[in-house]
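# Survey of secondary and tertiary structure
Spelled out, the chains give:
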Amino acid sequence: MIKLATAFSGIGAIEQALIRLDMEHKILFACDNGDVEIEIDAEKELEKIKSLNSAEEKRDYVNKLYTQLSRKNNFVKESYFANYSIEKDMFFNDVNLLDGTDFEGKVDLFVGGSPCQSFSVIGAKGGFNDTRGTLFYQYVRLVKEMQPKVFIYENVYGLTRHDKGKTWSIMQQVFEELGYRFKFKILDSRNFGIPQGRRRIFVVGFKNSESCDKFKFPEEIDLEYTMQDFLEENCAEGSLQSINGKLTKINDKKGVPEEKYYLSEKLKAYCLSPGTKNFMHADAKIDLPIARALLSTMGNSHRSSVNNYVTTNGRVRALTVREAHRLMGFPDSYKIVVSKAQAYKQAGNSIVVDVLMNIVKEIAKVEGWEYGKN
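The rules we used
- Residues numbered from 1 in each chain as written.
- Predicted model: local features only at pLDDT ≥ 70, side-chain atom pairs only at ≥ 80, totals over all residues.
- Heavy atoms only, no water.
- Axes fitted to C-alpha atoms, helices over the stretch in contact; angles between N-to-C directions.
- Helix = DSSP H or I, 4+ residues; strand = E, 2+ residues; numbered from the N terminus.
- Contact = heavy atoms within 4.5 Å.
- Core = buried A, V, L, I, M, F, W, Y, C linked by side-chain atoms within 4.5 Å.
- Buried < 20%, exposed > 50% of the residue type's maximum accessible area, 1.4 Å probe, protein only.
- 1 Å grid on protein atoms, 1.4 Å probe; cavity = no way out; pocket = protein on both sides within 12 Å on 5 of 7 lines; lining within 4 Å.
- Points joined across faces, edges and corners; volume = space filled by probe spheres on them.
- Nonpolar A, V, L, I, M, F, W, Y, C, P; charged D, E, K, R; others polar.
- Pairing = 2+ DSSP bridges.
- Salt bridge = Lys/Arg side-chain N within 4 Å of Asp/Glu carboxyl O.
- Phe/Tyr/Trp six-rings, centres within 6.5 Å; stacked < 30°, edge-to-face > 60°.
- Lys NZ or Arg CZ within 6 Å of the ring centre and 35° of its normal.

## Considering the packing of helix α2 (residues 42-49) against helix α3 (residues 55-69)
Contact geometry of α2 with α3 gives a least axis separation of 10 Å together with a crossing angle of 145°. Residues Glu45, Lys48 and Ile49 of α2 pack against Lys58, Tyr61, Val62 and Leu65 of α3.

## Some words on the nonpolar core
Core analysis: the biggest nonpolar cluster contains 102 residues, and Phe110, Ile152 and Phe175 have the highest contact counts within it. The element that contributes the greatest number of residues to this core is helix α11 (residues 353-367), accounting for 9 residues. The next biggest cluster of nonpolar side chains, apart from the first, holds 8 residues, and it includes Val36, Ile38, Ile49 and Val62.

## Points about the layout of surface pockets
Reported here for the second largest pocket is a volume of approximately 390 Å³. Within the residue set of the lining of the second largest pocket, elements represented by two or more residues are β9 (246-249) and α11. Split into classes, the residues belonging to the lining of the second largest pocket amount to 8 nonpolar, 6 polar and 7 charged.

## A short note on the side chain of Glu154
Within the secondary structure, Glu154 is located in strand β5 (residues 150-156). Beyond its immediate stretch of four places on either side in the chain, Glu154 contacts Gly112, Gly113, Ser114, Arg200, Ile201, Phe202 and Ile351.

## Some thoughts on the environment of Leu231
Tracing the sequence through the fold places Leu231 in the loop between α7 (209-214) and β8 (240-243). According to the relative accessible area criterion, Leu231 is buried, its value standing at 4%. Through-space distance from the C-alpha of Leu231 to that of Arg326 is 9.0 Å; in sequence the pair is 95 residues apart. Those residues in contact with Leu231, other than ones at most four positions away along the chain, are Val310, Thr312, Arg317, Leu319, Glu323 and Arg326.

## So, the sheet that holds strand β6 (residues 181-188)
Sheet architecture is open: 7 strands sit in the order β3-β2-β1-β4-β5-β7-β6, paired in mixed fashion. Every other strand in the sheet has two partners, leaving β3 (91-92) and β6 as the edge strands with one partner each. Relative to β3, strand β2 (residues 25-31) is paired through 2 bridges, and the arrangement is parallel. For Cys31, the partnering residue across the bridge sits in β3 and is Phe92. Sheet strands touched by helix α5 (residues 135-146): β2, β4 (109-112) and β5. Its angle to β4, the strand with the most contacts, is close to 175°.

## Some words on the pattern of salt bridges
Counted by the stated rule, this structure contains 25 salt bridges. Ionic pairing is found between Lys214 and Glu210, a salt bridge with its closest N-O pair at 3.2 Å. Of this pair, Lys214 and Glu210 both sit in helix α7, 4 residues apart, which is roughly one turn of that helix. Overall, the relative accessible area of 52% leaves Lys214 in the exposed class. Here Arg322 makes a salt bridge to Asp332, at a shortest N to O gap of 3.9 Å. With Arg322 in helix α9 (residues 321-326) and Asp332 in the loop between α9 and α10 (340-349), this residue pair connects regions lying 10 residues apart in the sequence. Each member of the pair, Arg322 as well as Asp332, is classed as buried. It is possible to trace a salt-bridge network through shared partners that takes in Glu237, Arg322, Arg326 and Asp332.

## Some thoughts on the pairing of strand β7 (residues 199-206)
Of all 8 residues making up β7, 7 are buried, and the element is well covered by its neighbours. Where β5 lies against β7, 7 bridges are found, and the strand directions are antiparallel. Bridging across to β7, Glu154 finds its partner in Phe202. When β6 meets β7, the two strands line up antiparallel, connected through 8 bridges. The partner of Arg181 across the bridge, within β7, is Phe206.

## Focus on the environment of Val321
Mapped onto the secondary structure, Val321 falls in helix α9. Look at Val321 and you get buried, because its relative accessible area is 13%. Setting aside residues no more than four positions away along its own chain, Val321 makes contact with Tyr261, Ile336, Lys340, Ala343 and Tyr344.

## A short note on the packing of aromatic side chains
Under the counting rule described, the total for this entry stands at 20 aromatic pairs. For the pair Phe215 and Phe217, a centre-to-centre distance of 5.1 Å together with 75° between the ring planes defines the contact as edge-to-face. As far as the burial class goes, Phe215 and Phe217 line up, both buried. Of the aromatic side chains, those joined through ring pairs into one cluster are Phe110, Phe136, Tyr139, Phe151, Tyr153, Phe175, Tyr180 and Phe182. When the ring centre of Tyr157 is taken as reference, the NZ or CZ atom of Arg199 above it lies at 4.0 Å. Positioned over the ring face of Tyr262 is Arg315, at 4.2 Å from the centre of the ring.

Right, dumping it as C-alpha cells:
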C-alpha cells in the first residue's frame with residue numbers, strides 16, 4: 001500500500017491518478033488553504049505549533065487561527081472531501097504551519113506544486129535559505145522533515161527561464177541539499193492522452209539513488225481524443241469514465257449544455273476579437289482540436305486567443321465545468337460540488353491526471369509498487 005501525502009493538494013490530481021491506476025494507497029494527509037489567506041507571523045506560529053504534542057493538536061490550533069481570522073470557506077477542502085477517503089483530521093489548512101516531522105519516515109510518495117508566483121521572489125545567492133519566504137521553500141522544508149521515499153514536484157515550464165535561469169539553478173541546488181537524487185523534464189498533456197496543450201516541468205526525486213538511476217520519464221503516447229470528443233454534446237454527463245486506467249466513453253449518449261455557457265452576441269464580439277492596439281493577439285481561433293492551456297480564471301470570459309470556446313448547434317459557448325475537468329483528466333465519476341466559478345478555478349489550478357499516471361507507472365517500475373491488479 002502506497003502511503004501518500006500532498007501539499008498544495010487542490011482537487012487531488014495524484015489521488016485521482018492512483019485511483020485510476022487501481023493502486024492501493026492511503027492518504028496520510030492533504031494540505032491546501034483554498035486561497036483563504038490570514039495575516040500571521042508564520043515563522044513564529046510554526047515554532048509554537050512544533051511545541052504541541054500531536055499532529056491533531058497542531059491541526060486544531062491552525063483551524064482555530066483560520067476561524068478567528070477569516071470567515072471565508074475553503075472550497076478546495078469541500079471538493080476534496082467529496083471525492084477522496086481521508087481521515088477528517090488529516091486535512092491541513094496551511095502549508096506554512098504544517099509540521100512535517102510528525103510524518104517522518106512514514107511517507108512513500110509526496111506530491112505538490114507550489115504556486116508559480118512563489119518563485120518570483122527567490123534570491124540570487126543560492127541555497128536552501130535563499131528560498132525562505134516562498135511557498136517553494138515550504139514544499140522542500142516538508143521534504144526535509146518527512147524524508148519521503150519519492151517526491152514529485154510540478155510547476156510551470158517557464159520556471160526554467162525565470163531570471164535568466166538563475167531561479168531554476170537555485171531550486172536545483174536546494175533539491176540537492178536535501179540529499180535526494182532527482183530528474184526533471186518538461187511534459188505536455190497532449191503527449192499523454194489529454195487534448196490540451198499544457199506544458200509543465202516535473203521533478204521526481206528519490207531517496208534511493210539506485211532508483212533514480214533506473215528511473216526514466218514516460219514515453220509519449222499517441223493522442224486518441226480531440227477536445228470535441230470531450231464536449232457534452234458528444235459525451236453526456238456521466239458517460240466518460242476511467243476503464244482499466246483509460247478515459248473511455250461508456251455509451252453514445254448526447255448531452256445538452258446549460259444555457260449559461262453560451263455567449264451573448266455582445267460578449268461573443270468581445271471574446272472573438274483579436275484585441276486592441278495595446279493588447280493584440282492574432283490567434284483568436286476557436287473550436288481547436290487541442291485545447292489551449294486551461295486557466296484558473298477561465299470563467300472570466302477572456303478573449304479566445306487565451307481561452308477555449310466551441311461552436312455547437314450554430315452558437316458559441318465556453319467550456320462547461322465538466323468539460324474543463326475532463327480536459328484535466330478527471331472522469332465523470334469525480335463529483336463537482338462547488339459553484340461554477342470555483343469549479344473553473346479548481347480545474348485550472350490542477351495538475352493533469354494522465355501525466356501523473358504515466359510518471360507514477362515509471363516510478364512503480366523502480367520502486368516495486370503494484371497497480372492495476374483488480
